[in-house]
Amino acid sequence: MMAGEELVAVYDAAGRVVGSATRQRMRAEGLWHASSAVLVRSPDGGSIYVHRRTDTKDVFPGMHDCAAGGVVAAGEDPATTAERELAEELGVRGAPVRFLFRSTFDEGTVRYHGFLYEVRWDGPITHQPEEVAEGWWMPLPELRRRLDDPTWPFVPDGRKFALEWFART
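The notes below deal with the structure included here.

Here is what the cut-offs are and how they apply
Residues numbered from 1 in each chain as written. Predicted model: local features only at pLDDT ≥ 70, side-chain atom pairs only at ≥ 80, totals over all residues. Heavy atoms only, no water. Phe/Tyr/Trp six-rings, centres within 6.5 Å; stacked < 30°, edge-to-face > 60°. Buried < 20%, exposed > 50% of the residue type's maximum accessible area, 1.4 Å probe, protein only. Lys NZ or Arg CZ within 6 Å of the ring centre and 35° of its normal. Core = buried A, V, L, I, M, F, W, Y, C linked by side-chain atoms within 4.5 Å. Helix = DSSP H or I, 4+ residues; strand = E, 2+ residues; numbered from the N terminus. Contact = heavy atoms within 4.5 Å. Salt bridge = Lys/Arg side-chain N within 4 Å of Asp/Glu carboxyl O. Pairing = 2+ DSSP bridges.

### Focus on the packing of aromatic side chains
Think of a pair of aromatic rings as described by two things: how far the centres are apart, and how the planes are tilted against each other in angle. Across all of its chains, the model carries 6 aromatic pairs by this definition. Consider the rings of F105 and Y112, whose centres lie 5.9 Å apart with planes at 40 degrees: the pair is tilted. The buried category is assigned to Y112, whose relative accessible area is 6%. By way of ring pairs, the aromatic residues F105, Y112 and F161 are connected into one cluster. Above the ring of F101, the side-chain terminus of R168 is found at 4.1 Å from the ring centroid.

### Quick word on the nonpolar core
Judged by nonpolar contacts, the single largest core of 20 residues is most densely connected at C66 and L143. Where this core is concerned, the elements lending two or more residues are β3 (33-41), β4 (47-53), α3 (140-147) and α4 (156-168). Excluding residues within four positions of it along the chain, C66 makes contact with V38, L39, V40, I48, Y49, V50, L143, F154 and A162.

### A look at the environment of P153
Mapped onto the elements, P153 comes out in the loop between α3 and α4. A relative accessible area of 37% places P153 in the partly exposed class. Separated by 121 residues in sequence, P153 and W32 place their C-alpha atoms 25 Å apart. Residues within four places of P153 in sequence aside, it is in contact with M63 and H64.

### Considerations on the side chain of T54
Tracing the backbone through its elements, the reader meets T54 in the loop between β4 and β5 (64-65). If near-sequence neighbours (up to four positions away) are discounted, T54 is found in contact with P61, G62, P129, E130, E131, V132 and A133.

### Remarks on the pattern of salt bridges
Under the criterion given, the structure shown has 16 salt bridges. Across the salt bridge formed by E131 and K57, the nearest N and O atoms sit 2.9 Å from each other. Linking E131 in the loop between β8 (110-120) and β9 (132-139) with K57 in the loop between β4 and β5, this pair joins segments that are 74 residues apart in sequence. In this structure, E131 and K57 share a single accessibility class: buried. The shortest N-O distance in the salt bridge between E164 and R168 comes to 3.0 Å. Of the two residues, E164 and R168 both sit in helix α4, 4 residues apart, roughly one turn of that helix. Connected through shared salt-bridge partners, R41, R98, E118 and R120 make up one network.

### Some thoughts on the pairing of strand β1 (residues 7-11)
With 4 of 5 residues buried, β1 lies mostly within the body of the structure. The pairing of β1 with strand β2 (residues 17-22) spans 5 bridges and is classified as antiparallel. Bridge assignment links L7 to a residue of β2, and that residue is T22. Where β1 folds back on β2, the antiparallel hairpin that results is connected by 5 residues, among which G15 adopts a positive phi of roughly 100 degrees.

That's the geometry; what it means functionally is another story.
Okay, structure coming up:
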């Protein structure tokens, strides 16, 4: 199945699952959907894994992000999505994933309910070459400074959720 043909869960603006659609249709029509994102933190919590997306990503190509994540598939719950995306994008498996909060992102035709999680990890990280161009550990104070700089090429949804996370901690 081609990536645009995979079925994703369609949500309403209130956050209820109301059906499914192809990823391609969801993107083209700006349908509400859901996505899970996982912050990968060092065991002491002082650093977070930041990566640069590949230039071939369909949304926000080549920009930086601090979470592994993706769209919730049809019939999948957000926690399962979080574990699946963490394993696919960064090769992190078997670590307990902890739910942090739920929020929304609504900018242009990108509209979704975001489920944010975190994991503490000190093992190897293996990038999925189709999605992650490069990555590194960044101390939290540096990440906060960079997020406050609107010229740093960071995915807008990731910036919103990371700043919300900082405000909550």
